[in-house]
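Each chain is listed here by its residues.
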Amino acid sequence: MGAVHQLAKPGEFLITTIIDQEIFITRGEDSVLRAFYPGDFHGVRGVKGIEHFNPSDFGLVSVRVETLIGLIFVNLDANADALTDISESMVKDMRASCPGLDDLVLSRKYELQTAANWKTLVDNNLESYHSAVAHPSLMGLLDYSTFEVWEDRFTTCHAMTNSNPDNPAYKVGAEDSVKRAIYTWLWPNTAFFIAPGPKNLGVFQMIPTGPESSLQRWEFYFESEQPSESEQAYLDWTINTLIPEDTALYESVQHGLRSQGYSQGRFVINRNRPEWSEHHVHRFQKLVHDAIVTAC
Ligand SMILES: [Fe+2]
(Lines give C-alpha, C1' and ligand atoms only; values in the text may rest on other atoms or scores of the structure.)
Protein backbone atom coordinates (compact mmCIF):
# COMPACT_ATOMS: atom_id res chain seq x y z
CA MET A 1 0.00 0.00 0.00
CA GLY A 2 3.04 2.27 -0.08
CA ALA A 3 6.70 2.51 0.77
CA VAL A 4 8.28 2.26 4.22
CA HIS A 5 10.15 5.53 3.59
CA GLN A 6 6.79 7.35 3.27
CA LEU A 7 6.11 6.57 6.93
CA ALA A 8 9.59 7.16 8.31
CA LYS A 9 8.51 9.34 11.26
CA PRO A 10 6.00 8.65 14.05
CA GLY A 11 2.58 10.10 13.20
CA GLU A 12 2.97 9.89 9.41
CA PHE A 13 0.13 7.95 7.83
CA LEU A 14 -1.33 6.56 4.60
CA ILE A 15 -4.92 5.70 3.71
CA THR A 16 -5.79 3.20 1.02
CA THR A 17 -8.71 1.09 -0.10
CA ILE A 18 -8.85 -2.67 -0.67
CA ILE A 19 -12.03 -3.42 -2.62
CA ASP A 20 -14.62 -1.81 -0.29
CA GLN A 21 -12.45 -1.59 2.82
CA GLU A 22 -10.64 1.59 3.77
CA ILE A 23 -7.34 0.96 5.56
CA PHE A 24 -5.43 3.47 7.66
CA ILE A 25 -1.74 2.86 8.42
CA THR A 26 0.57 4.87 10.62
CA ARG A 27 3.85 4.71 12.50
CA GLY A 28 3.34 5.01 16.26
CA GLU A 29 5.42 6.91 18.80
CA ASP A 30 7.10 3.55 19.49
CA SER A 31 8.16 3.46 15.77
CA VAL A 32 5.98 0.41 15.09
CA LEU A 33 3.85 0.38 11.92
CA ARG A 34 0.19 -0.39 12.57
CA ALA A 35 -2.80 -0.66 10.24
CA PHE A 36 -6.47 -0.29 11.12
CA TYR A 37 -9.93 -0.28 9.68
CA PRO A 38 -10.86 3.36 10.38
CA GLY A 39 -14.22 2.23 11.87
CA ASP A 40 -16.23 4.88 13.65
CA PHE A 41 -13.98 7.85 14.37
CA HIS A 42 -17.05 10.02 14.87
CA GLY A 43 -19.02 10.75 18.00
CA VAL A 44 -16.32 9.74 20.46
CA ARG A 45 -16.35 13.19 22.05
CA GLY A 46 -20.13 13.02 22.51
CA VAL A 47 -20.12 9.88 24.65
CA LYS A 48 -18.46 11.46 27.70
CA GLY A 49 -20.53 10.88 30.82
CA ILE A 50 -22.70 8.13 29.34
CA GLU A 51 -23.07 5.35 31.88
CA HIS A 52 -21.40 1.99 31.11
CA PHE A 53 -19.79 3.36 27.94
CA ASN A 54 -16.04 2.92 27.70
CA PRO A 55 -14.64 4.32 24.41
CA SER A 56 -11.74 1.85 24.61
CA ASP A 57 -14.30 -0.97 24.11
CA PHE A 58 -14.92 0.51 20.64
CA GLY A 59 -11.34 1.06 19.54
CA LEU A 60 -9.97 0.71 16.06
CA VAL A 61 -9.84 -2.82 14.70
CA SER A 62 -6.32 -3.65 13.61
CA VAL A 63 -5.27 -5.08 10.23
CA ARG A 64 -2.24 -7.25 9.69
CA VAL A 65 0.69 -5.24 8.31
CA GLU A 66 4.03 -6.53 6.99
CA THR A 67 6.99 -5.00 5.16
CA LEU A 68 9.06 -6.45 2.34
CA ILE A 69 11.72 -4.92 0.04
CA GLY A 70 10.99 -1.48 1.48
CA LEU A 71 7.24 -1.75 0.78
CA ILE A 72 4.25 -1.93 3.12
CA PHE A 73 1.67 -4.68 2.69
CA VAL A 74 -1.56 -5.28 4.57
CA ASN A 75 -3.54 -8.51 4.64
CA LEU A 76 -7.23 -8.65 5.62
CA ASP A 77 -6.79 -12.37 6.42
CA ALA A 78 -5.23 -12.58 9.87
CA ASN A 79 -4.55 -16.31 9.36
CA ALA A 80 -2.69 -16.06 6.04
CA ASP A 81 0.90 -17.32 5.78
CA ALA A 82 3.58 -14.76 6.61
CA LEU A 83 4.55 -12.65 3.59
CA THR A 84 8.27 -13.16 4.22
CA ASP A 85 7.77 -16.95 4.16
CA ILE A 86 5.81 -17.12 0.92
CA SER A 87 8.04 -14.65 -0.92
CA GLU A 88 11.47 -15.85 0.21
CA SER A 89 12.68 -17.23 -3.17
CA MET A 90 11.16 -14.35 -5.11
CA VAL A 91 12.82 -11.68 -2.98
CA LYS A 92 16.18 -13.47 -3.06
CA ASP A 93 16.17 -13.44 -6.86
CA MET A 94 14.97 -9.82 -7.04
CA ARG A 95 17.74 -8.66 -4.69
CA ALA A 96 20.30 -10.59 -6.78
CA SER A 97 19.23 -8.68 -9.91
CA CYS A 98 19.01 -5.32 -8.15
CA PRO A 99 21.41 -4.78 -5.22
CA GLY A 100 20.06 -2.05 -2.91
CA LEU A 101 16.49 -2.92 -3.89
CA ASP A 102 15.16 -2.29 -0.37
CA ASP A 103 16.45 1.31 -0.31
CA LEU A 104 14.83 2.63 -3.50
CA VAL A 105 12.36 5.51 -3.19
CA LEU A 106 9.05 6.24 -4.87
CA SER A 107 9.54 8.40 -7.96
CA ARG A 108 6.41 8.08 -10.09
CA LYS A 109 2.84 6.83 -9.75
CA TYR A 110 0.65 5.99 -12.73
CA GLU A 111 -2.94 4.71 -12.81
CA LEU A 112 -5.10 3.52 -15.67
CA GLN A 113 -8.70 2.26 -15.79
CA THR A 114 -8.96 -0.82 -18.00
CA ALA A 115 -11.99 -2.57 -19.49
CA ALA A 116 -11.03 -6.09 -18.42
CA ASN A 117 -11.42 -8.36 -15.42
CA TRP A 118 -8.40 -8.31 -13.08
CA LYS A 119 -7.73 -12.01 -13.77
CA THR A 120 -7.30 -11.25 -17.47
CA LEU A 121 -4.50 -8.84 -16.53
CA VAL A 122 -2.83 -11.40 -14.26
CA ASP A 123 -3.09 -14.14 -16.92
CA ASN A 124 -1.26 -11.90 -19.37
CA ASN A 125 1.51 -11.11 -16.91
CA LEU A 126 2.16 -14.79 -16.26
CA GLU A 127 3.05 -15.81 -19.79
CA SER A 128 5.56 -14.40 -22.26
CA TYR A 129 4.54 -15.85 -25.59
CA HIS A 130 2.52 -12.72 -26.36
CA SER A 131 5.73 -10.65 -26.27
CA ALA A 132 6.95 -11.65 -29.72
CA VAL A 133 3.78 -10.22 -31.28
CA ALA A 134 2.76 -7.49 -28.83
CA HIS A 135 6.09 -6.06 -27.64
CA PRO A 136 8.56 -5.62 -30.54
CA SER A 137 10.73 -3.11 -28.65
CA LEU A 138 10.84 -5.33 -25.55
CA MET A 139 12.10 -8.15 -27.77
CA GLY A 140 14.98 -5.85 -28.76
CA LEU A 141 15.75 -5.02 -25.13
CA LEU A 142 15.87 -8.60 -23.84
CA ASP A 143 17.54 -11.78 -24.99
CA TYR A 144 14.79 -14.38 -24.95
CA SER A 145 17.31 -17.20 -25.42
CA THR A 146 18.29 -16.54 -21.78
CA PHE A 147 14.68 -16.87 -20.61
CA GLU A 148 14.43 -18.56 -17.22
CA VAL A 149 11.32 -19.23 -15.17
CA TRP A 150 10.54 -20.68 -11.79
CA GLU A 151 7.58 -20.76 -9.50
CA ASP A 152 6.90 -21.22 -5.83
CA ARG A 153 3.58 -21.81 -4.07
CA PHE A 154 2.36 -18.19 -4.31
CA THR A 155 4.99 -16.54 -6.52
CA THR A 156 6.37 -16.85 -10.05
CA CYS A 157 9.38 -15.41 -11.85
CA HIS A 158 10.44 -14.70 -15.44
CA ALA A 159 14.03 -13.56 -15.96
CA MET A 160 16.09 -12.57 -19.02
CA THR A 161 19.31 -10.68 -19.65
CA ASN A 162 19.66 -7.50 -21.65
CA SER A 163 20.66 -8.27 -25.24
CA ASN A 164 21.41 -4.91 -26.74
CA PRO A 165 22.33 -1.70 -24.85
CA ASP A 166 21.25 0.40 -27.83
CA ASN A 167 17.82 -1.08 -28.48
CA PRO A 168 14.44 0.28 -29.65
CA ALA A 169 13.02 0.49 -26.08
CA TYR A 170 15.58 2.66 -24.22
CA LYS A 171 19.35 2.81 -23.88
CA VAL A 172 21.02 0.69 -21.21
CA GLY A 173 24.39 2.02 -20.00
CA ALA A 174 27.42 -0.26 -19.62
CA GLU A 175 27.81 1.03 -16.05
CA ASP A 176 24.16 0.37 -15.10
CA SER A 177 23.65 -2.00 -12.16
CA VAL A 178 20.79 -4.13 -13.47
CA LYS A 179 21.83 -6.49 -16.28
CA ARG A 180 19.15 -9.12 -15.79
CA ALA A 181 15.46 -8.27 -16.06
CA ILE A 182 13.27 -10.03 -13.55
CA TYR A 183 9.50 -9.99 -13.62
CA THR A 184 7.84 -11.58 -10.62
CA TRP A 185 4.29 -12.06 -9.40
CA LEU A 186 2.89 -12.37 -5.92
CA TRP A 187 -0.54 -13.97 -5.40
CA PRO A 188 -3.09 -12.63 -5.99
CA ASN A 189 -2.70 -9.41 -7.96
CA THR A 190 0.73 -7.81 -7.62
CA ALA A 191 3.60 -7.96 -10.13
CA PHE A 192 7.12 -6.60 -9.68
CA PHE A 193 9.30 -5.42 -12.56
CA ILE A 194 13.06 -4.95 -12.37
CA ALA A 195 14.28 -3.82 -15.79
CA PRO A 196 17.80 -3.56 -17.25
CA GLY A 197 19.29 -0.15 -16.47
CA PRO A 198 19.90 1.83 -13.28
CA LYS A 199 18.55 0.29 -10.03
CA ASN A 200 14.77 0.20 -10.31
CA LEU A 201 11.59 -1.44 -9.14
CA GLY A 202 8.16 -1.25 -10.73
CA VAL A 203 5.19 -2.35 -8.63
CA PHE A 204 2.07 -3.20 -10.62
CA GLN A 205 -1.22 -3.85 -8.83
CA MET A 206 -4.13 -5.23 -10.86
CA ILE A 207 -7.11 -4.05 -8.82
CA PRO A 208 -10.63 -5.34 -9.49
CA THR A 209 -13.23 -2.58 -9.87
CA GLY A 210 -15.99 -4.61 -11.55
CA PRO A 211 -16.64 -7.85 -13.48
CA GLU A 212 -15.19 -6.29 -16.63
CA SER A 213 -13.09 -3.46 -15.25
CA SER A 214 -9.83 -3.06 -13.37
CA LEU A 215 -7.54 -0.34 -12.15
CA GLN A 216 -3.88 -0.63 -13.12
CA ARG A 217 -1.88 0.98 -10.32
CA TRP A 218 1.82 1.39 -11.08
CA GLU A 219 4.56 2.70 -8.82
CA PHE A 220 8.15 3.21 -9.97
CA TYR A 221 11.03 3.28 -7.50
CA PHE A 222 14.55 4.57 -8.23
CA GLU A 223 17.58 5.64 -6.23
CA SER A 224 16.17 9.15 -5.86
CA GLU A 225 12.75 10.74 -6.19
CA GLN A 226 13.75 12.80 -9.24
CA PRO A 227 14.38 10.39 -12.14
CA SER A 228 17.65 10.71 -14.05
CA GLU A 229 17.61 11.10 -17.82
CA SER A 230 17.95 7.36 -18.39
CA GLU A 231 15.34 6.55 -15.72
CA GLN A 232 13.00 9.01 -17.42
CA ALA A 233 13.60 7.28 -20.77
CA TYR A 234 12.65 3.95 -19.13
CA LEU A 235 9.52 5.53 -17.60
CA ASP A 236 8.49 7.09 -20.93
CA TRP A 237 8.87 3.78 -22.75
CA THR A 238 7.02 1.82 -20.05
CA ILE A 239 4.10 4.25 -19.76
CA ASN A 240 3.78 5.22 -23.43
CA THR A 241 4.64 1.92 -25.14
CA LEU A 242 4.73 -1.18 -22.92
CA ILE A 243 1.62 -0.53 -20.81
CA PRO A 244 -0.58 0.50 -23.79
CA GLU A 245 0.56 -2.63 -25.70
CA ASP A 246 -0.58 -4.87 -22.84
CA THR A 247 -3.73 -2.85 -22.16
CA ALA A 248 -4.87 -3.37 -25.76
CA LEU A 249 -4.40 -7.11 -25.22
CA TYR A 250 -6.27 -7.17 -21.88
CA GLU A 251 -9.25 -5.42 -23.41
CA SER A 252 -9.30 -7.49 -26.56
CA VAL A 253 -9.11 -10.76 -24.57
CA GLN A 254 -11.97 -9.55 -22.35
CA HIS A 255 -13.97 -8.72 -25.47
CA GLY A 256 -13.39 -12.27 -26.72
CA LEU A 257 -14.39 -13.81 -23.37
CA ARG A 258 -17.75 -12.06 -23.63
CA SER A 259 -18.49 -13.76 -26.95
CA GLN A 260 -21.13 -16.47 -26.84
CA GLY A 261 -18.86 -18.40 -29.17
CA TYR A 262 -16.31 -18.83 -26.37
CA SER A 263 -16.58 -21.69 -23.88
CA GLN A 264 -13.07 -22.54 -22.75
CA GLY A 265 -9.61 -23.00 -24.18
CA ARG A 266 -6.76 -25.20 -23.04
CA PHE A 267 -3.44 -24.35 -21.48
CA VAL A 268 -0.33 -24.56 -23.61
CA ILE A 269 2.18 -26.20 -21.27
CA ASN A 270 5.76 -26.75 -22.41
CA ARG A 271 8.37 -26.66 -19.66
CA ASN A 272 11.13 -27.19 -22.25
CA ARG A 273 10.14 -23.91 -23.93
CA PRO A 274 9.11 -21.77 -20.93
CA GLU A 275 8.89 -18.64 -23.09
CA TRP A 276 5.96 -20.31 -24.86
CA SER A 277 4.38 -21.98 -21.83
CA GLU A 278 1.30 -21.11 -19.78
CA HIS A 279 2.06 -23.19 -16.70
CA HIS A 280 2.16 -20.07 -14.53
CA VAL A 281 -1.27 -19.06 -15.83
CA HIS A 282 -2.49 -22.54 -14.87
CA ARG A 283 -1.00 -22.12 -11.36
CA PHE A 284 -2.78 -18.79 -10.92
CA GLN A 285 -6.13 -20.10 -12.10
CA LYS A 286 -5.81 -23.10 -9.75
CA LEU A 287 -5.18 -20.72 -6.82
CA VAL A 288 -8.28 -18.71 -7.81
CA HIS A 289 -10.32 -21.92 -8.04
CA ASP A 290 -9.09 -23.17 -4.68
CA ALA A 291 -9.74 -19.80 -3.00
CA ILE A 292 -13.31 -19.72 -4.31
CA VAL A 293 -14.01 -23.34 -3.31
CA THR A 294 -12.59 -22.71 0.19
CA ALA A 295 -14.67 -19.54 0.59
CA CYS A 296 -17.83 -21.45 -0.41
FE1 LIG B 1 3.00 -8.00 -22.01
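Now for a quick tour of the structure. Keep in mind that what you see is a predicted model, and the values were worked out from it rather than measured. (Residues numbered from 1 in each chain as written. Predicted model: local features only at pLDDT ≥ 70, side-chain atom pairs only at ≥ 80, totals over all residues.)

### Quick look at the overall build of the protein
Within the protein, the regular secondary structure consists of seven helices and 13 strands. Considering only contacts within the protein whose residues lie at least 6 apart along the sequence, 57% involve residues at least 24 apart. (Helix = DSSP H or I, 4+ residues; strand = E, 2+ residues; numbered from the N terminus. Contact = placed C-beta atoms within 7 Å.)

### Let's talk about the sheet that holds strand β2 (residues 13–18)
Here we have six strands laid out as an open sheet, ordered β1-β6-β5-β4-β3-β2, and antiparallel in their pairing. What marks the edges here is a single partner per strand, and that holds for β1 (2–3) and β2. One ladder, built from five bridges, connects strand β5 (residues 61–68) with strand β6 (residues 71–75); its direction is antiparallel. What sits directly across from valine 65, in β6, is valine 74. (Pairing = 2+ DSSP bridges.)

### Thoughts on the nonpolar core
Counting 48 residues, the largest nonpolar core has Met94, Ala181, Ile182, Ile194 and Leu201 as the members making the most contacts within it. Built from parts of two domains, this core gets at least three residues from each of domain 1 (2–80) and domain 2 (85–295). Non-local contacts of alanine 181, meaning those with residues more than four positions away in its chain, are made with Leu142, Ala159, Met160, Asn162, Ile194, Ala195 and Pro196. (Core = buried A, V, L, I, M, F, W, Y, C linked by C-beta atoms within 7 Å. Buried ≥ 20, exposed ≤ 12 C-beta atoms within 10 Å, placed from the backbone. Domains from an automatic or database assignment.)

### Observations regarding the sheet that holds strand β10 (residues 180–186)
Ordered by their spatial adjacency, seven strands build an open sheet running β7-β13-β12-β11-β10-β9-β8, and the pairing between neighbours is antiparallel. At either margin of the open sheet sits one strand with a lone partner, and together these are β7 (105–114) and β8 (142–151). Ignoring strand direction, the axes of neighbouring strands in this sheet form an average angle of 15°. Taken together, the six bridges between β8 and strand β9 (residues 155–162) define a ladder with antiparallel strand orientation. Residue pairing for β9: aspartate 143 is matched across the bridge by threonine 161. Here helix α3 (residues 118–125) sits on the sheet and contacts β7, β10, β11 (190–194), β12 (201–210) and β13 (213–222); the angle it forms with β12, its principal contact strand, is near 150°. (Axes fitted to C-alpha atoms, helices over the stretch in contact; angles between N-to-C directions.)

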